[in-house]
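Structure at a glance
Listed here are the chains, written in short residue letters.
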Amino acid sequence: MVQINISDLLKSYDKDNITIVTVCSHSALQLFHGAKKEGFKTLGIAVGEERRKIFEAFPLAKPDEFLMVDTYKDILDHTEELKEKNAVVIPHGSFVEYLGADTFLTLDLPTFGNRKVLSWESDRNKERTWLEGAGLTMPKEIKDPHFIESPVIVKYHGAKGGKGFFIAKSYEEFKRRVDKSKTYTIQEFVMGTRYYLHYFYTPIQDQGYTLKKGSLQLLSMDRRDETTIDEVQRLGSIAELEEIGIHPTFVVTGNIPIVMRESLLPKVFSMGERVVEESHKLFGGMIGSFCLETVVTDQLEFKVFEISARIVAGTNPYITGSPYSALIEPELSTGRRIAQEIKYAATKNLLHKILS
Ligand code: AMP
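Let me begin by describing the structure that accompanies this report. Just so you know, these numbers come straight off a predicted model, no measurement behind them.

Time to look at the sheet that holds strand E7 (residues 184-188). With respect to topology, three strands assemble into an open sheet ordered E6-E5-E7, the strand pairing being antiparallel. Each edge of the open sheet is held by one strand with a lone partner, namely strand E6 (166-168) and E7. On average, each strand axis in the sheet is inclined to that of its neighbour by 30 degrees, with strand direction left out of account.

Okay, structure coming up:
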């Protein structure tokens, strides 16, 4: 991995004149909206004219300028001109996915967050080491499909948005449906309700819910709307449908706002805290927004099936604030909170602590 020296990169930067940069996709409307509210210049990287047109449709979220490219990889040809604009890149899920994790790691521009987190969240074994090391409960992993005794979910590695995942209730069903040419993980299918918890961790400010170093905020939560699993029951039970060869899929199409019963919040904060503390031990610490993807069982216990260590699209329903962020500051979105962190760090000469 190419080592990016962030302090060197920042040497030539005019810290009073930062441009917030991201790719026009995923949560970019929110990110630009938040950055503009905090007084930043903004630049959107758009792959194709169509993207620009969509962003033109939302004046309050439209970036001040566009960088038009044919492919994501072309971004690499523009790093010098972006540096001249004092660009700080905010990576989101699509940015990392489309650019490719390896290329993203070598991107010679200051990016918000700790890039080291990428290898810990993208490798399912390392992710388990991290989350279980933090004391969180994950769904059980079934190493040998012969031991499938209750419903499991089979996840193909690298499959985005749950594409191709399937539920199996027995070894026979697994065998019938699995695509052996792909690598997969078999997980206990956890029965319960799903909550995707959106946190923000600052290593440079101590206020509110403080940790050993810095502090933690809960900004919002959502539930993903997944086709066809979330609506398939309109046609019949899953068992009935599977008999005629119709299998539910888990492809994310949108996000639904949600709040949680208040008595569960201590667990929510404790999980967030432990994940952050463990990240300090493992790789120098996560920075900024992250999301724990959870199922709450009827015993009111959380099972965490994934972590996403950057802004998630589930924060998009809250561009003008959520029932949680409103109790921190009116109209506070995750995008705006990220901009505030960059602004604060720039004024205190701490940018090297939140960028990598
Ligand atoms: P993932 O790609 O791991 O985020 O999973 C995609 C979707 O599959 C999630 O949003 C959930 O709806 C569902 N899912 C994943 N893991 C589990 C699990 N262990 N138990 C029940 N549902 C799950």
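Now that the structure has been shown, the text picks up again.
For the rest of this paragraph, the subject is helix H12 (residues 334-347). The terminal C-alpha atoms of H12 lie 20 Å apart, and with 14 residues this matches the ideal 20 Å at 1.5 Å per residue to within 8%. By the burial criterion, the buried members of H12 are Thr334, Gly335, Arg336, Arg337, Ile338, Ala339, Gln340, Glu341, Ile342, Ala345 and Ala346. For H12, the capping residue at the N-terminal end is Ser333, with a side-chain oxygen 3.3 Å from the backbone nitrogen of Gly335. Looking one or two residues past H12, Asn349 carries a phi angle of roughly 60 degrees, positive in sign.

The N-to-C vectors of helix H2 (residues 28-37) and H12 enclose an angle of 45 degrees; their axes lie 7 Å apart at closest approach. Classed by the angle they form, the pair H2 and H12 counts as oblique. For the element pair H2 and H12, the recorded crossing hand is right-handed. Where H2 abuts H12, its residues Gln30, Leu31, Gly34, Ala35 and Lys37 lie against Thr334, Gly335, Arg336, Ile338 and Ala339. Looking at the contact of H2 with H12, its residues break down into four nonpolar, four polar and two charged.

Turning our attention to the side chain of Thr42. With respect to the secondary-structure elements, Thr42 resides in strand E2 (residues 41-47). Among the residues examined, Thr42 registers a relative accessible area of 1% and is labelled buried. Dropping the residues within four chain positions of it, Thr42 is found in contact with Thr19, Ile20, Phe32, Ala35, Lys36, Lys62, Pro63, Asp64 and Glu65.

The ligand sits among 16 residues. The nearest are Lys155, Val190, Tyr196, Glu226 and Glu306. Lys155 places a polar side-chain atom, nitrogen or oxygen, 2.9 Å from an oxygen atom of the ligand. The protein chains hide 95% of the 480 Å² of surface that the ligand would expose on its own. By residue class, the composition of the shell around the ligand is eight nonpolar, one polar and seven charged.

Cut-off values and rules
- Residues numbered from 1 in each chain as written.
- Predicted model: local features only at pLDDT ≥ 70, side-chain atom pairs only at ≥ 80, totals over all residues.
- Heavy atoms only, no water.
- Pairing = 2+ DSSP bridges.
- Helix = DSSP H or I, 4+ residues; strand = E, 2+ residues; numbered from the N terminus.
- Axes fitted to C-alpha atoms, helices over the stretch in contact; angles between N-to-C directions.
- Expected span 1.5 Å × (residues − 1).
- Buried < 20%, exposed > 50% of the residue type's maximum accessible area, 1.4 Å probe, protein only.
- Polar contact = N/O pair within 3.5 Å; in protein donor to acceptor, adjacent residues only side chain to side chain.
- Parallel < 35°, antiparallel > 145°, perpendicular 65-115°, else oblique.
- Left-handed = near helix turned anticlockwise from the far one by under 90°.
- Contact = heavy atoms within 4.5 Å.
- Nonpolar A, V, L, I, M, F, W, Y, C, P; charged D, E, K, R; others polar.
- Near = heavy atom within 4 Å.
- Areas by Shrake-Rupley, 256 points an atom, 1.4 Å probe, with all protein chains shown as cover.

Limitation: the analysis is restricted to geometry and does not speak to function.
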